[in-house]
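Observations on the three-dimensional arrangement
Below are the chains, spelled out letter by letter.
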Amino acid sequence: MSESKTPVGTPWREFYGFANEQDSVFPNMVHLDLINICNFRCIHCPQNDIKKFVPDYEPNQLDYDIFTRIIDEVAEHGATLRITCDGEPFLYKHIVKAINYIKDRGVKIATIVTNGSSLTRPIAEAILRPSDTKLIIDFSLDSLYKPTYERIRLQGNFVEVYSNVLFLLKNKKNNPNLRIIVNMIDQDTLVSGELEAFKQFWGPIADDVVVRTYLTVKGMVNSSVMKMEKDQYRWPCSLLWNRIAISSHGRPRFCVADWREQSVMKDFDLAQMSISEIWQSPYYDQLRRIHLDKEFSKISICKNCTDWFGLKWDYDYRTVIDRLFEAKPVEKHLPEINTQHPVEV
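Remember, predicted model here, so these are calculated numbers, not experimental data.

Things to note about the overall build of the protein
What the protein contains, in helices and strands, is 13 helices and 8 strands. Within the protein, the fraction of its 345 residues that count as buried is 55%. Long-range pairs, those at least 24 residues apart, make up 80% of the contacts in the protein between residues at least 6 apart in sequence. With an accessible surface of roughly 15900 Å², the protein has 49% of that area assigned to carbon and sulfur atoms.

The structure is reproduced here in C-alpha cells:
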C-alpha cells in the first residue's frame, strides 16, 4: 500500500485502524509459539544458528495450562489461532492433545505452520479427525527440486516431507474442514523458473499455494536479498491492529517476528490478565499512536525493522484464510506417487 492509494479526502493517519469493532476488542489473530526448538536449520531462519542470533536462548515448550487458557479465550472471541513459528509445532510434547483441545473447544479457525518432517500417525489422526474447527496445515517447503531444498532447508529430508504432504492431501476428505496449503519464500537460492514450477506442480493438488516475501527477521538473516526499493514508503505495522503474539514462555509480545523477545510486554502476565485486557490497554494504544505518527524510532524493535514490508494492509495471511473457506473445496487429483503412512511412535 502506498500513500497515493489513500482515499481522496482522508487524512493519512486516519486511513489505518481496526477493520471493525470486534478487532478493537480482541485481536483478529493470535500467534502462538508452542515450542522454540526446531530440527531444521533453514538458511533464512534464526534457527540456522540460534545461539548466535539469540544469545540467551534456552530450549522451551509452552506450559499446557497456559495453552488451554489461551485457547479458551480465542474460542470465546471467535478469533483465528495461528501456531507458528519459533520452533517446529509437531515436536511439541503435547501436540496431539493440543490439536484435539483446539477442536473440542470450538476454535473457529486454526492454522499450523510446519516443516512437515515430524508427522507421526497420532498427529495425522488428530488432524484428520472431523470437527467444526476450520483447520489449515501450512507446509513450508521453499522449493520444488531436491537440490534446492537441501541448500535451503538444512537437515531436512525432501522425500520424507513431500511424502507427508501428499499423505494428508490424499486423506483430507475424511475431514471436510481441513485445508492443506504449501508455501515457499521468494529468495535468490531458487533456480531459474523454480517458483513458477512450484506453483504449477502444487496448484492442481493443494488447496492453496502461498509465496511469501523474504524478510530479514529483524536483521538476523541475510538482508541483501530483500526485494524492497531503496526509498520504500513505510506504512504503520498492521500487526498492532490485528494480531498479538505469545511466546513459548507464555509471554505476550506485540511483534510476531521477535525472536529476542524485545517486544515482550513485561507488565502483562497472562496468568493475571486476559488477552482482551492487554489488547485494549493504554500501552497498546500508545504503540498504535507512535506508528500512526511515523515515529518508529521511539520503539527500539521498530526503529530499523523491515519485516513490516511483508505485512501489507490490503493483503496478508488473513486474505489467504478467507480465500480458502469462501467456497467449497474443489476435488483435487493427486499424481500417482507412493505415499507411506506416517510412522507409529
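From this point, the narrative continues.
As for the pairing of strand β4 (residues 134–140)
When you tally the buried positions in β4, you get 6 out of 7 residues, the bulk of the element. In this fold, strand β3 (residues 109–114) hands off to helix α5 (residues 121–128), which returns the chain to β4; that crossover is right-handed. Sheet topology note: the β4/strand β5 (residues 178–185) ladder contains 6 bridges and is parallel. Bridge pairing in β5 links F139 to V182.

What to know about unusual backbone geometry
Although it is not a glycine, E261 adopts a positive phi angle of roughly 55°. Take E261: it is sitting in the loop between β8 (252–253) and α10 (275–279). A relative accessible area of 17% places E261 in the buried class. Unusually for a residue other than glycine, K294 sits at a positive phi of about 60°. Tracing the chain through its elements places K294 in the loop between α11 (282–292) and α12 (300–303).

Topic: the confidence of the model for the protein
When pLDDT is averaged across the protein, the result is 86; 86% of the residues are at 70 or more. Per-element confidence in the protein is highest for helix α4 (residues 95–104), whose mean pLDDT is 98, and lowest for helix α2 (residues 50–53), whose mean pLDDT is 78. Contacts of residues 1–10 to residues separated by more than four positions or lying in other chains number 15 contacts, the stretch itself having pLDDT below 50. Segment residues 217–221 is flagged for pLDDT under 50; beyond a separation of four residues in sequence, or across chains, it makes 22 contacts in the model.

Regarding the packing of aromatic side chains
Counting across every chain of the model gives 13 aromatic pairs. Ring geometry for Y233 against W235: centres 6.3 Å apart, planes inclined by 50°, an arrangement best described as tilted. The pair Y233 / W235 is uniform in exposure class, with both members buried. One aromatic cluster is present, built from ring pairs that chain together Y149, F158, Y162, F201 and W202. Above the ring of W279, the side-chain terminus of R288 is found at 4.7 Å from the ring centroid.

Topic: α5
Among all positions in α5, only I123, A124, A126, I127 and L128 are buried. Next to the buried residues of α5 lie α4, β4, α7 (158–171) and β5.

Some words on the environment of D316
Here D316 is to be found in the loop between α12 and α13 (317–325). D316 gets classed as buried once you look at its relative accessible area, which sits at 13%. A sequence separation of 78 residues divides D316 from S238, and the C-alpha atoms of the two residues are 9.6 Å apart. In this view, D316 contacts N242 and R243; residues no more than four positions away in its chain are not counted.

Some thoughts on the state of the cysteines
This model, assessed by the stated rule, comprises 0 disulfides. Left unpaired, C255 is separated from the closest cysteine sulfur, that of C305, by 6.1 Å. On the basis of relative accessibility, which here comes to 8%, the residue C255 falls in the buried class. C305 provides the cysteine sulfur closest to C302, a residue in no disulfide bond, and the two sulfurs are 6.5 Å apart. Assessed through its relative accessible area of 10%, C302 is described here as buried.

Focus: the pattern of salt bridges
Using the criterion set out here, one finds 15 salt bridges in the structure. Ionic pairing is found between R323 and D208, a salt bridge with its closest N-O pair at 2.6 Å. With a gap of 115 residues between them, R323 in helix α13 and D208 in strand β6 (residues 208–212) connect regions that are remote in the sequence. Taking relative accessible area as the criterion, D208 reaches 12% and is therefore assigned buried. If you follow the salt bridges from partner to partner, you end up with D33, D86, R251, R253 and E261 in one network.

What counts, and at which threshold
- Residues numbered from 1 in each chain as written.
- Predicted model: local features only at pLDDT ≥ 70, side-chain atom pairs only at ≥ 80, totals over all residues.
- Heavy atoms only, no water.
- Helix = DSSP H or I, 4+ residues; strand = E, 2+ residues; numbered from the N terminus.
- Buried < 20%, exposed > 50% of the residue type's maximum accessible area, 1.4 Å probe, protein only.
- Contact = heavy atoms within 4.5 Å.
- Areas by Shrake-Rupley, 256 points an atom, 1.4 Å probe, with all protein chains shown as cover.
- Right-handed = clockwise from strand over helix to strand, strands pointing away.
- Pairing = 2+ DSSP bridges.
- pLDDT = per-residue confidence, 0-100.
- Phe/Tyr/Trp six-rings, centres within 6.5 Å; stacked < 30°, edge-to-face > 60°.
- Lys NZ or Arg CZ within 6 Å of the ring centre and 35° of its normal.
- Disulfide = S-S within 2.5 Å.
- Salt bridge = Lys/Arg side-chain N within 4 Å of Asp/Glu carboxyl O.

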